[in-house]
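# Descriptive analysis of the structure
Listed below are the residues making up each chain.
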Amino acid sequence: MGEAPGLWRVARAFRRLAILWFVVVAVFLASVAYSGAQLRPENESGPNTPPTVSGNDTITLTGSLNVSNGGWYPLTDVELFTQVDNPNGTILASGGSPVVTIAAGGTTQVPFTITLALDSRAAARNLLTQDATLPSITWANATYVNLFHVQVVVPQNVTWGAPLFGLNVSAGTPVLESNGTAGVPLTITFADHASFPVDGRAVYTLRSGGATCTTGALPVAVGPGQSFDGTSTAYLGSGCSASGATLSLKFVGAGWALSPFPVVLH
């Protein structure tokens, strides 16, 4: 039997190379799949870490997530997205992290930040005066070898403590002054259930019948877990009555302000 034709030998060599290539690709894909399965988010701190008040009616929450890459390839484009919801399921706030890379066999602590705007929405504004348990979820997105996308979801509840828990404003008995005005003692009480202090001033404006009757302020210095009970005298001219009047409060400090809903005095 003679020697196999050259074309046949070339074809056989290509078949062998194709089989070898298929095996290499299969092993590579299997190793990538294994590596992707080793992605481990753990030890999430937050957004239960102490929040900070920044700007007007804005609270910033920070946290971190340890992302472990137990695989054989670098984990690139690692990015966290976090969402905090109201107990009724509506979105309260969202945030994210910077983009990082985690080496093969390494673990990196990835920080994330959430900005919570306590705007005119009742569910958001109520967090100033009411404690809550808020559902939260964090997505860890990453890419292996610039080809395969990996996503891991980490659910967690956020225990929220209201900085002005149980806020109450009451008006005392008016005292007639010599200049014809009536001095009405206004007592403000609340408890700081948050993990940050409420340290500044409580500025108030009292309106009756659509007209501004008086403005005033009193100092506030309350640490986490402490209660506040302060009184300021509001001087009302003729035609103004504290009974049934609307009192707008704003707690202000260095670079921040918290404005709960106005209250009606009784």
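Quick notes on the rules
- Residues numbered from 1 in each chain as written.
- Predicted model: local features only at pLDDT ≥ 70, side-chain atom pairs only at ≥ 80, totals over all residues.
- Heavy atoms only, no water.
- Helix = DSSP H or I, 4+ residues; strand = E, 2+ residues; numbered from the N terminus.
- Buried < 20%, exposed > 50% of the residue type's maximum accessible area, 1.4 Å probe, protein only.
- Contact = heavy atoms within 4.5 Å.
- Areas by Shrake-Rupley, 256 points an atom, 1.4 Å probe, with all protein chains shown as cover.
- Phe/Tyr/Trp six-rings, centres within 6.5 Å; stacked < 30°, edge-to-face > 60°.
- Lys NZ or Arg CZ within 6 Å of the ring centre and 35° of its normal.
- 1 Å grid on protein atoms, 1.4 Å probe; cavity = no way out; pocket = protein on both sides within 12 Å on 5 of 7 lines; lining within 4 Å.
- Points joined across faces, edges and corners; volume = space filled by probe spheres on them.
- Nonpolar A, V, L, I, M, F, W, Y, C, P; charged D, E, K, R; others polar.
- Disulfide = S-S within 2.5 Å.
- Core = buried A, V, L, I, M, F, W, Y, C linked by side-chain atoms within 4.5 Å.
- Salt bridge = Lys/Arg side-chain N within 4 Å of Asp/Glu carboxyl O.

Counting its secondary structure elements, the protein chain contains two helices and 19 strands. Residues classed as buried in the protein chain amount to 41% of the 266 residues present. For the protein chain, restricting intrachain contacts to residue pairs at least 6 apart in sequence, the fraction spanning at least 24 positions comes to 64%. For the protein chain, the accessible surface area stands at approximately 13,700 Å², while carbon and sulfur atoms represent 58% of it.

The subject of this paragraph is the environment of Thr205. Mapped onto the elements, Thr205 comes out in strand β14 (residues 198–208). Overall, Thr205 belongs to the buried group, its relative accessible area being 18%. On a C-alpha basis, the gap between Thr205 and Leu247 in space is 5.7 Å, while along the polypeptide they are 42 residues apart.

The geometry of two aromatic rings is summed up by the distance between their centres and the angle between their planes. Inspection of the entire model under this criterion finds two aromatic pairs. Judged by centre distance (5.4 Å) and plane angle (80 degrees), the ring pair of Phe190 and Phe251 falls under edge-to-face. With Phe190 in strand β13 (residues 182–191) and Phe251 in strand β17 (residues 246–253), this pair connects stretches of sequence that are 61 residues apart. Relative accessible area serves as the criterion here: at 4%, Phe190 is assigned to the buried category. For Phe251, a relative accessible area of 0% corresponds to the buried category. The side chain of Arg125 reaches across the aromatic face of Phe261, ending 5.9 Å from its centre.

Our next topic: empty space enclosed by the protein. This model, assessed by the stated rule, comprises one cavity of 30 Å³ or more. In this structure, the largest cavity occupies an estimated 50 Å³ of space. Lining the largest cavity are Leu61, Val84, Ala93, Leu116, Leu134, Val158 and Trp160. Here the lining of the largest cavity is composed, by residue class, of seven nonpolar, no polar and no charged.

Using the criterion set out here, one finds one disulfide in the structure. Here Cys213 is linked by a disulfide to Cys240, with a sulfur-sulfur distance of 2.2 Å. Taking the torsion about the S-S bond as the criterion, the Cys213 to Cys240 disulfide, at about -90 degrees, is left-handed. On the criterion of sequence distance, the pair formed by Cys213 in strand β15 (residues 211–222) and Cys240 in the loop between β16 (227–236) and β17 is long-range, its members being 27 residues apart. The class of Cys240 is partly exposed, set by a relative accessible area of 24%.

Turning our attention to the nonpolar core. Ranked by size, the top nonpolar core spans 55 residues in total, and within it Ile188, Phe190, Leu249 and Phe251 carry the most contacts. Apart from residues lying up to four places away in sequence, Phe190 is in contact with Pro163, Leu164, Phe165, Gly166, Leu167, Val198, Val220, Val222, Ser227, Phe228 and Phe251.

Following the criterion strictly, the structure yields one salt bridge and no others. Where Asp57 meets Arg125, a salt bridge forms, and the shortest distance between an N and an O atom there is 3.1 Å. Note that Asp57 is positioned in the loop between β3 (55–56) and β4 (58–69) and Arg125 in helix α2 (residues 122–125), a separation of 68 residues in sequence. You can call Asp57 buried: its relative accessible area is 13%. Arg125 sits in the buried class, given a relative accessible area of 13%.

Moving on: the side chain of Asp85. Relative to the helices and strands, Asp85 resides in strand β5 (residues 75–85). When residues no more than four places from it in sequence are discounted, the contact partners of Asp85 are Thr90, Ile91, Leu92, Leu134 and Pro135.

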